[in-house]
Amino acid sequence: MNRTPRAAEDNWMQSFHRLNYPWTLHKLAFATSDRELAKDLAQKVWMKFLVYYRSSEVTRPEAVLHLMVTDAIVDWGRRPPKERVKPVEVTADTSQRMMLTPDPGDMAAADCRRDLASALAALPPQQSTVMVLRYYLDMPRAEVAHILGVSEETVKSRLTAAKNALRDAPALAGYPATTGGK
């Protein structure tokens with residue numbers, strides 16, 4: 001069978017999509033706390049990536065895709081707070097939607113993330129939301145405060161309360177305590 005360069009490119013794109021769509025959806029779902037919205041954003045990101053890939057010479061497609069996902073999260077984050085952030089009570093259901101549980105093949109990470117999801121589920125919604133925005137999405141405290149419509153001091157006190165609660169969380173018993181972070 002005589003393959004054209006376009007057919008080889010299409011095969012590569014299908015493989016690339018199959019390998020990278022799960023983490024794309026994971027990151028978007030965790031950022032938005034809404035799996036359906038994440039699917040819509042993921043579709044837009046992938047369409048943008050396809051157009052960019054076909055119109056430019058891309059040497060590091062994973063990096064380009066990562067930047068596009070990050071841009072989608074930032075664009076979503078620029079919406080007025082009432083349109084994008086609703087305090088999320090982290091439960092077993094929401095931790096699955098937010099995809100805190102990784103692939104079953106990596107049992108050590110799966111156990112750790114399951115325990116973390118359980119501990120976050122035990123926190124009040126305001127504390128778990130602040131923890132996710134600050135540490136998972138790596139947003140500065142000022143940005144978290146802006147998104148939630150509260151002061152930076154409120155964010156700081158919620159983070160402190162959440163960290164203290166997580167230190168004593170039964171689900172995290174046995175894990176070493178760390179002193180890292182800001």
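See above for the structure.
Our subject in this report is the structure included herewith. (Residues numbered from 1 in each chain as written. Predicted model: local features only at pLDDT ≥ 70, side-chain atom pairs only at ≥ 80, totals over all residues. Heavy atoms only, no water.)

## Some thoughts on the pattern of salt bridges
Then, in step 1: Taken as a whole and judged by the stated rule, the model has one salt bridge.
Then, in step 2: Between K39 and E36 there is a salt bridge, with its nearest N and O atoms 3.7 Å apart. Taken together, the positions of K39 and E36, both in helix α2 (residues 35–55) and three residues apart, correspond to about one turn of that helix.
Then, in step 3: Of the residues examined, K39 reaches a relative accessible area of 34% and is grouped as partly exposed. (Salt bridge = Lys/Arg side-chain N within 4 Å of Asp/Glu carboxyl O. Helix = DSSP H or I, 4+ residues; strand = E, 2+ residues; numbered from the N terminus. Buried < 20%, exposed > 50% of the residue type's maximum accessible area, 1.4 Å probe, protein only.)

## A short note on the side chain of N20
Then, in step 1: Mapped onto the elements, N20 comes out in helix α1 (residues 5–32).
Then, in step 2: A relative accessible area of 9% means that N20 is categorised as buried.
Then, in step 3: Here F16 takes part through its backbone oxygen, which lies 2.9 Å from a polar atom of the side chain of N20. (Polar contact = N/O pair within 3.5 Å; in protein donor to acceptor, adjacent residues only side chain to side chain.)

## Quick word on the packing of aromatic side chains
Then, in step 1: Evaluation of the coordinates by the stated rule reveals six aromatic pairs.
Then, in step 2: Ring centres of W12 and F16 lie 4.8 Å apart, and the angle between their planes is 15°; on these two criteria the pair is classed as stacked. Here F16 and W12 lie together in helix α1, a separation of four residues that amounts to about one turn.
Then, in step 3: For F16, a relative accessible area of 4% puts it in the buried group. (Phe/Tyr/Trp six-rings, centres within 6.5 Å; stacked < 30°, edge-to-face > 60°.)

## A few points about the nonpolar core
Nonpolar side chains tend toward joint burial in soluble globular proteins.
Then, in step 1: L28, F49, L65 and M131 are the most contacted members of the largest nonpolar core, which has 38 residues in total.
Then, in step 2: Of all the secondary structure elements, the ones that give two or more residues to this core are α1, α2, α3 (61–77), α6 (107–122), α7 (125–136), α8 (141–148) and α9 (152–167).
Then, in step 3: Excluding anything up to four places from it in sequence, L65 contacts F16, N20, W23, T24, V45, W46 and F49. (Core = buried A, V, L, I, M, F, W, Y, C linked by side-chain atoms within 4.5 Å. Contact = heavy atoms within 4.5 Å.)

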